[in-house]
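Remarks on the overall topology
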Amino acid sequence: MPDCLFCKIVHREIPADIVCESEHALAFRDISPVAPTHVLVIPKKHIATANDISPEDKDVIGELYLLAQKVIEIEGLISSGHRLVMNVGAGGGQSVFHIHLHVIGGRSLSWPPG
Ligand code: DGP
């Protein structure tokens, strides 16, 4: 998707602080972190929202969670706890329409979110 910000990060057309990657997923630091660790894990394939995930994407979605685990390990968050969250649609707080898991940790997290 030529106008997609996160596709541009996947293709290294704009810079990002990359934490790690796998064949079909990429993890990089959020530009506006809300916690000491705030990493976004995205599929390299463009999928606009969680509502657009199709059965053929099931392996890619699994890979997102496996790469998130690696981020959690790298950031030392296994025992402290953390949050994995995906905002869906504008009403759900999604502002970039290429799905991404937020990996948030490194401080105490409250629930429910705003
Ligand atoms: P969401 O609101 O769930 O769609 O989250 C989008 C996140 O993307 C938000 O926390 C800020 C982050 N973000 C927006 N633009 C950029 C960028 O150019 N680079 C990086 N690394 N993160 C960005």
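None of these values were measured; they are calculated from a predicted model. (Residues numbered from 1 in each chain as written. Predicted model: local features only at pLDDT ≥ 70, side-chain atom pairs only at ≥ 80, totals over all residues. Heavy atoms only, no water.)

**Here we look at the site of the ligand**
The criterion, for reference: It suffices for a single heavy atom of a residue to lie within 4 Å of a molecule or strand for the residue to be listed as near it. A 3.5 Å cut-off defines polar contacts: any pair of N or O atoms within that distance qualifies, except that in protein one atom must be a possible hydrogen donor and the other a possible acceptor, and neighbouring residues in sequence count only when both atoms are side-chain atoms. Values of accessible area rely on a 1.4 Å probe in the Shrake-Rupley scheme; residue burial ignores everything except the protein chains shown. A run of DSSP states H or I qualifies as a helix once it reaches four residues; a run of E qualifies as a strand once it reaches two. Both are numbered from the N-terminal end.
Surrounding the ligand, one finds 15 residues, the nearest of these being D30, N87, G93, S95 and H102. One of the side-chain nitrogen or oxygen atoms of N87 is found 2.8 Å away from an oxygen atom of the ligand. Separating an oxygen atom of the ligand from a side-chain N or O atom of H102 is a distance of 2.7 Å. Relative to its unbound accessible surface of 510 Å², the ligand loses 82% to contact with the protein. Among the elements of the structure, α1 (5-10) and β2 (25-29) are those that each provide at least two residues to the shell around the ligand.

**Some thoughts on the sheet that holds strand β4 (residues 82-85)**
Where we set the bar: Note on pairing: two strands pair once DSSP finds at least 2 bridges between them. Note on definitions: angles span 0 to 180 degrees between N-to-C directions of axes, and those axes are lines fitted to C-alpha atoms, for helices only across the stretch in contact.
The sheet built from five strands is open, its strands ordered β1-β2-β3-β5-β4 with antiparallel pairing. A single partner strand is all that each edge strand has here, and the edge strands are β1 (18-21) and β4. Here the strands of the sheet are splayed against their neighbours by 20° on average, with no regard to which way each runs. Looking at chain direction, β1 and β2 are connected through three bridges and run antiparallel. Residue I18 lies in a different strand from β2, and its bridge partner there is F28.

**Describing the pattern of salt bridges**
So the rule is basically this: For this analysis, a salt bridge means a side-chain nitrogen from Lys or Arg found within 4 Å of a carboxyl oxygen belonging to Asp or Glu. Relative accessibility under 20% of the residue-type maximum defines a buried residue, over 50% an exposed one, and the middle range a partly exposed one, all with a 1.4 Å probe and only protein chains included.
Considering all chains together, one arrives at six salt bridges under this definition. The salt bridge partner of K45 is E56, with a shortest N-O separation of 3.3 Å. Here K45, found in the loop between β3 (37-43) and α2 (58-74), pairs with E56, found in the loop between β3 and α2; they are eleven residues apart in sequence, far enough to count as distant. On the accessibility criterion, E56 (65% relative accessible area) is exposed. The salt bridge involving D57 is made with K45; its shortest N-O contact spans 2.5 Å. Within this pair, whereas D57 is found in the loop between β3 and α2, its partner K45 is found in the loop between β3 and α2, the two being separated by twelve residues in sequence. When its relative accessible area of 2% is taken as the criterion, D57 is described as buried.

**A closer look at the nonpolar core**
For clarity, the cut-off: Residues grouped as a nonpolar core are buried Ala, Val, Leu, Ile, Met, Phe, Trp, Tyr and Cys residues, joined through side-chain atoms within 4.5 Å. Whether two residues are in contact is decided by their heavy atoms: any pair within 4.5 Å suffices.
The biggest cluster of nonpolar side chains holds 17 residues, and the ones touching the most others in it are A27, V41, L64, V71 and V103. Listed by contribution, the elements that provide at least two residues to this core are β1, β2, β3, α2 and β5 (101-105). Tallying contributions element by element places α2 first for this core, with six residues. Beyond its immediate chain neighbours, meaning those up to four positions away, V103 contacts T37, H38, V39, V41, A68, V71, I72, R83 and L84. With ten residues, the next largest nonpolar core counts V10, L26, F28 and V96 among its residues.

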